[in-house]
Amino acid sequence: MGKLTFLGTGTSSGVPLIGCSCAVCASNNLKDKRLRSSVWIEADGQSALIDTATDLRQQALRAGIMRLDAVFFTHHHADHVHGIDELRSFNFLQNEPIACYGKSETLERIRTHFAYIFNGKKSEGGGKPNLELRVINDTVKVGATQVTPVPVEHGALDIYGYLINRTAYITDCSKIPPLSMKLLAGLDTLILGALGLKWHNTHFTLEQALGVVKELAPQTTYLTHLNHNLGHDETSKRLPANVYLAWDGLSIDV
Ligand SMILES: [Zn+2]
Ligand SMILES: [Zn+2]
Ligand SMILES: [Zn+2]
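Now for a look at the structure at hand. (Residues numbered from 1 in each chain as written. Chains lettered and ligands numbered in written order. Predicted model: local features only at pLDDT ≥ 70, side-chain atom pairs only at ≥ 80, totals over all residues. Heavy atoms only, no water.)

**A closer look at the coordination of the zinc ion (ligand 3)**
Logical step 1: Protein-derived ligands of the zinc ion (ligand 3) are H75 (NE2), H77 (ND1), H154 (NE2) and D172 (OD), with the metal-ligand distances lying across 2.2 to 2.3 Å.
Logical step 2: Coordination at the zinc ion (ligand 3) comes from 4 donor atoms whose angles at the metal span 90 to 172 degrees, giving a geometry best classed as irregular.
Logical step 3: The sequence pattern formed by the donor residues of the zinc ion (ligand 3) is H-x1-H-x76-H-x17-D.
Logical step 4: Between the zinc ion (ligand 3) and the zinc ion (ligand 1), a separation of 3.6 Å is found, and both are coordinated by D172.
Logical step 5: Owing to a relative accessible area of 29%, H77 belongs among the partly exposed residues under this scheme. (Donors = N, O, S within 2.8 Å, 3.2 Å for Na, K, Ca; no water. Tetrahedral: all angles 85-135°; square planar, octahedral: opposite > 155°, others 65-115°. Buried < 20%, exposed > 50% of the residue type's maximum accessible area, 1.4 Å probe, protein only.)

**Examining helix α7 (residues 206-216)**
Logical step 1: Every buried residue of α7 is accounted for by L206, A209, V212, V213 and L216. With its buried residues spanning 120 degrees around the axis, α7 presents them on a single face. Seen from the buried face of α7, the exposed residues on the opposite side, beyond 90 degrees, are E207, K214 and E215.
Logical step 2: Its buried side turned inward, α7 meets α6 (178-183), β11 (189-193), β12 (220-224), α8 (232-236) and β13 (243-245).
Logical step 3: Looking one or two residues beyond α7, the residue adopting positive phi is A217, at roughly 45 degrees. (Helix = DSSP H or I, 4+ residues; strand = E, 2+ residues; numbered from the N terminus. Arc of directions from axis to C-beta. Contact = heavy atoms within 4.5 Å.)

**Comments concerning the nonpolar core**
Logical step 1: If you look at the biggest cluster of nonpolar residues, it comprises 26 residues, and the most contacted ones within it are I170, I176, L184, L192 and L223.
Logical step 2: For this core, the elements supplying multiple residues, two or more each, are β8 (145-154), β9 (157-164), β10 (167-170), β11, α7 and β13.
Logical step 3: No other element matches α7, which puts 5 residues into this core.
Logical step 4: Counting residues in hydrophobic clusters, the runner-up holds 24 residues, among them L4, V39, A48 and I50. (Core = buried A, V, L, I, M, F, W, Y, C linked by side-chain atoms within 4.5 Å.)

**As for the sheet that holds strand β6 (residues 131-135)**
Logical step 1: Here 7 strands make up an open sheet; going across it, the order is β6-β5-β4-β3-β2-β1-β14 and the pairing mixed. Sheet topology places β6 and β14 (251-253) at the edges, where each strand pairs with a single neighbour. Strand-to-strand twist in this sheet, taken as the mean axis angle between neighbours without regard to direction, amounts to 25 degrees.
Logical step 2: Sheet topology places strand β5 (residues 98-102) next to β6; 5 bridges connect them, and they run parallel. Residue pairing in the sheet places A99 in a bridge with E132 of β6.
Logical step 3: Helix α3 (residues 87-94) contacts β3 (46-50), β4 (70-72), β5 and β6 of the sheet and is inclined by roughly 140 degrees relative to β5. (Pairing = 2+ DSSP bridges. Axes fitted to C-alpha atoms, helices over the stretch in contact; angles between N-to-C directions.)

**Topic: the pairing of strand β1 (residues 3-8)**
Logical step 1: The buried count for β1 comes to 5 of 6 residues, which makes it a mostly enclosed element.
Logical step 2: Summarising the sheet, β1 and β14 pair through 3 bridges and their orientation is antiparallel. Considered in β14, the bridge of K3 is made with D253.
Logical step 3: With 5 bridges joining them, β1 and strand β2 (residues 38-43) adopt antiparallel strand pairing. Directly across from L4, in β2, lies its bridge partner I41.

**Here we look at the coordination of the zinc ion (ligand 1)**
Logical step 1: Around the zinc ion (ligand 1), the donor atoms from the protein are D79 (OD), H80 (NE2), D172 (OD) and H225 (NE2), and they sit 2.1 to 2.3 Å away.
Logical step 2: Every donor counted, the 4 donor atoms about the zinc ion (ligand 1) form angles of 90 to 162 degrees at the centre, which fits irregular coordination.
Logical step 3: Each donor residue of the zinc ion (ligand 1) belongs to the same chain, and together they define the spacing D-H-x91-D-x52-H.

**A short note on the packing of aromatic side chains**
Logical step 1: Under the defined criterion, the tally for this structure stands at 5 aromatic pairs.
Logical step 2: Put simply, the rings of F72, Y101, Y160 and Y162 pair up and form one aromatic cluster. (Phe/Tyr/Trp six-rings, centres within 6.5 Å; stacked < 30°, edge-to-face > 60°.)

**Points about the layout of surface pockets**
Logical step 1: The space that makes up the largest pocket amounts to roughly 250 Å³.
Logical step 2: Lining of the largest pocket is provided by 15 residues; of these, N91, G127, K128, P129 and N130 occupy positions nearest its centre.
Logical step 3: Of all elements in the fold, only α3 and α5 (115-118) reach the threshold of two or more residues within the lining of the largest pocket.
Logical step 4: Within this model, the second largest pocket holds a volume of roughly 170 Å³.
Logical step 5: L56, R57, A60, L61, I65, M66, E86, S89, F90 and L93 are the residues that line the second largest pocket. (1 Å grid on protein atoms, 1.4 Å probe; cavity = no way out; pocket = protein on both sides within 12 Å on 5 of 7 lines; lining within 4 Å. Points joined across faces, edges and corners; volume = space filled by probe spheres on them.)

**A few points about the pairing of β5**
Along a regular strand, successive side chains alternate from one face of the sheet to the other.
Logical step 1: Of all 5 residues that make up β5, 5 are buried, and the element is covered over most of its length.
Logical step 2: The two faces of β5 match: I98, C100 and G102 on one face and A99 and Y101 on the other face are all buried.
Logical step 3: Strand direction decides the pairing type here: β4 and β5, joined by 3 bridges, are parallel. Bridging from a neighbouring strand, A70 pairs with A99 of β5.

Have a look at this one:
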C-alpha cells in the first residue's frame, strides 16, 4: 500500500489570490490556503510527484520530501510545471537523473519551454536539473504501486490524469471520454478537479464534478484545483456523503 499527500489543492493562481480581499482569500482557516495543485506518492521506500507545481520548493520543505524517484506530468500548463527547476535539489541529493513521465506532446512542450534544461550544454554555475523525459503509455511502478495514465480532455487539450492503484488523480479536466470512464469504474478514491462555481471552458465546475462523482460512484471523493469561490467550511457543508474538499497537507492511503 502507498500513501498520497496533497502538496497543493489550489487553481493556477493559488488561494489567496494576490490582491484579493474576498472572504475566502482573507480567511484564517488553514484549509483555505491552497498552493498550486500537485500530489506526492510514497510507496515501499520510493517516492514520486504528480506535476512540479509552481510552489514545489515550499511544498517539498513542508512535506519533508527527502528523495524523489520519478515525476508524472499531467500536462504542460504553468501551474503544473513551473517548479521544475527545484528538481535539481533532488539531483544534488541523489547524484543521478530523475525520470519524468508524460504524454509525448506534454514532454515536447516541456522540452521547448525549458530549453536551458535540455540543450545538452553544461551550465556555467548553480547547476540545472538532470532529467530523463520518458513517454508513458502504460503502467509504471513506484515501489509496488502501479501508476497508469488516464486520457482526459482539458478544453481542447488532450492530457493525462493518473490511476494510482485504485485511486484516480484527475486535476485539470472538462470532459472524461467514455473509454477513460470505463478505466475509472469501481474506484476506491477519486480525486477530481472542481474549479469553482462559474462555468469554465477548460475545467469542471463544482456542479459538473459532482455529476461525474455520481456517475462513477467511487467509495470516496476528494475535490482539488479549487479557486477562491469555494471556502472550505462553507462548501463542505453542501457536499454529498463521502465527497470532501481536499486540503494542502492531507494524506490518504492508495
Ligand atoms: Zn491547472
Ligand atoms: Zn479571493
Ligand atoms: Zn491546465
